[in-house]
Number of protein chains: 2
Amino acid sequence: MDIEEGIEVFPVLRLTEEGEDRTQGAVAREFPITIILNDEELVTLLGSPTDLEYLAVGFLASEGLLKSKDEIKSITADYKTGVVRLETLVKRELAQDTLFKRVISTGCGRGASFYSVADAVDQKVDSQMKISVGEVVSLTTEFQRRSRTWLATHGVHGAALCDTKSILAFNEDVGRHNAIDKVFGECLLKDIPTSDRAVLTTGRVTSEILHKVSKRGIPIVISISAPTNLGVKIADALGITLMASARGKRMRVYTDDWRVVRNKTRAV
Amino acid sequence: MDIEEGIEVFPVLRLTEEGEDRTQGAVAREFPITIILNDEELVTLLGSPTDLEYLAVGFLASEGLLKSKDEIKSITADYKTGVVRLETLVKRELAQDTLFKRVISTGCGRGASFYSVADAVDQKVDSQMKISVGEVVSLTTEFQRRSRTWLATHGVHGAALCDTKSILAFNEDVGRHNAIDKVFGECLLKDIPTSDRAVLTTGRVTSEILHKVSKRGIPIVISISAPTNLGVKIADALGITLMASARGKRMRVYTDDWRVVRNKTRAV
């Protein structure tokens, strides 16, 4: 894809225990894409806002709804709204258990309504919780030590709820959304409060992750991996501190860095 | 989660350009989980087969269908079938645009029917294509060099179609399934044949990836990342060569290793 179209740049605070600097960070864009086949709204995918024609055609072929190029009457992709319309000469029936059995591979989002950042503001998180750089380093070290299934397979994601000192609930799952839902499910069943606490995740921080986290009133998200642009924008709109690339003794803060306590001694 | 329940062990052929050895590799288990809320089938997720009660409760809470533990009348999870049944005292309406707008975050699977390995056998891939260890090393090196959005953001997945010598179509997307669909969409629109060719992916190889690849008659899948147990089982059933952890000059072959040409000189 065209790299310029797939990226958005945000200000980032880079931190170690010794120092900090402010820089610009490139983040992958995430965008809801709706495929309309012969005037029927088929599916909304979250993807990168590039090559939407390829995506729609490939998706339909994978789902058995399109066999060859010759079946296509027209394709129009609107890169502003994310709507791709396809007209075909051959109209295949949707197998009910294929397309409307809502199988979710690595977790689920909500409707397109949530993807407007403005809509999300009413769920703003109100918390004075703070965390230090040293505490983040300790927590992520413990988090990775506990990721036993990941260490054995490299095939799962981990998630945890923690306070500034220790991990309170931990889980792993092949789906990054499922790992977080398992942690929240355990908290709910065991009456473990989630507000004024942080979430740790090995996964990328997309819009859906922010949706789950904000529902629990959680003010801090710490990821080993990278965020998407919608992840950053929704965190910003909801007043959630988003830290990412937290590996070894380094981390990057994208939003609400006032919650991160550090020594302002020297540049990283 | 309990590490024993989340893992399955398969024989693996470890290869470098200099040698090989056969060992056992732990792979994350992937499993369809159906949540039934008050006798209504709500959703089927693909996840790890552990802590299904936590997953169901956390998922319902994230979707706004459950507010507290007190609302739960009963939960029963069948770890053999993956069915979790919840009865609640408070019955909330499903917001139509929340639950039945089929939003897919990182790609889509098919119905539960596909997850039976036996069902998949009729799509068996018939190809005599072979590839050498040196060719895989060259291709994955070129693949990573072209992953420009990944290099800038660490927030996307890459996918490519290649023959034994070069990359024929390449794309990136925040969703690992979307990246593959974009590649196949481009092939379909540009009349690039996909049979007797290999797919490269940065993503984990789950059942859905095998589903997409087998539809195109592709005999070889090479991943930078790890497979799941269903990925290995479906590849095996369909006669697809599954290579994973292809980083630097090393790789692991899980199925149909007769397609991989190598020097049997000495152990890795």
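Residues numbered from 1 in each chain as written. Chains lettered and ligands numbered in written order. Predicted model: local features only at pLDDT ≥ 70, side-chain atom pairs only at ≥ 80, totals over all residues. Heavy atoms only, no water.

1. A few points about the overall build of chain A
Scanning chain A from terminus to terminus reveals eight helices and 15 strands. For chain A, the proportion of contacts with a sequence separation of at least 24, taken over those separated by at least 6, is 53%. Approximately 10000 Å² of chain A is accessible, and the part contributed by carbon and sulfur atoms is 46%. (Helix = DSSP H or I, 4+ residues; strand = E, 2+ residues; numbered from the N terminus. Contact = heavy atoms within 4.5 Å. Areas by Shrake-Rupley, 256 points an atom, 1.4 Å probe, with all protein chains shown as cover.)

2. Describing the state of the cysteines
Going through the model one piece at a time under the given rule, you end up with zero disulfides over all chains. The structure places no disulfide on Cys162 of chain A, whose sulfur is separated from the nearest cysteine sulfur, that of Cys187 of chain A, by 11 Å. (Disulfide = S-S within 2.5 Å.)

3. Some remarks on helix H4 (residues 133-146) of chain A
For H4 of chain A, spanning 14 residues, the distance from its first C-alpha to its last is 20 Å, which sits close to the expected 20 Å at 1.5 Å a residue. Within the sequence span of H4 of chain A, burial applies to Val133, Glu135, Val136, Val137, Leu139, Thr140 and Phe143 of chain A. (Expected span 1.5 Å × (residues − 1). Buried < 20%, exposed > 50% of the residue type's maximum accessible area, 1.4 Å probe, protein only.)

4. Some remarks on the packing of helix H7 (residues 207-215) of chain B against helix H8 (residues 229-238) of chain B
Residues and elements named next belong to chain B. For the pair H7 and H8, interaxial distance at closest approach is 8 Å and the crossing angle is 25 degrees. It follows that H7 is roughly parallel to H8 by the angle criterion. Here H7 contributes Ser207, Leu210 and Ser214 to the contact with H8, which in turn contributes Leu230, Gly231, Ile234, Ala235 and Leu238. For the contact of H7 with H8, the class distribution of residues is five nonpolar, three polar and no charged. (Axes fitted to C-alpha atoms, helices over the stretch in contact; angles between N-to-C directions. Parallel < 35°, antiparallel > 145°, perpendicular 65-115°, else oblique. Nonpolar A, V, L, I, M, F, W, Y, C, P; charged D, E, K, R; others polar.)

5. A closer look at unusual backbone geometry
Residue and element names in this part refer to chain B. Positive phi, close to 55 degrees, is recorded for Asp191, a residue that is not glycine. By secondary structure assignment, the location of Asp191 is in the loop between helix H6 (176-189) and strand E11 (198-201). The class of Asp191 is exposed, set by a relative accessible area of 54%. Even without being a glycine, Asp256 presents a positive backbone phi close to 45 degrees. With respect to the helices and strands, the residue Asp256 is situated in the loop between strand E14 (250-255) and strand E15 (260-261).

6. Overview of the sheet that holds strand E10 (residues 167-173) of chain B
Residue and element names in this part refer to chain B. Spatially, the eight strands line up as an open sheet ordered E2-E1-E14-E13-E12-E11-E9-E10, and their pairing is mixed. This sheet does not close on itself; its edge strands, each paired only once, are strand E2 (20-28) and E10. Going across the sheet, the axis of each strand differs from the next one's by a mean of 25 degrees, ignoring polarity. Sheet topology note: the strand E1 (residues 7-15)/E2 ladder contains nine bridges and is antiparallel. Pairing of Leu15 across the sheet is with Glu20, part of E2. Across the sheet, H8 is in contact with E1, E2, strand E13 (241-247) and E14; its angle to E1 comes to roughly 65 degrees. (Pairing = 2+ DSSP bridges.)

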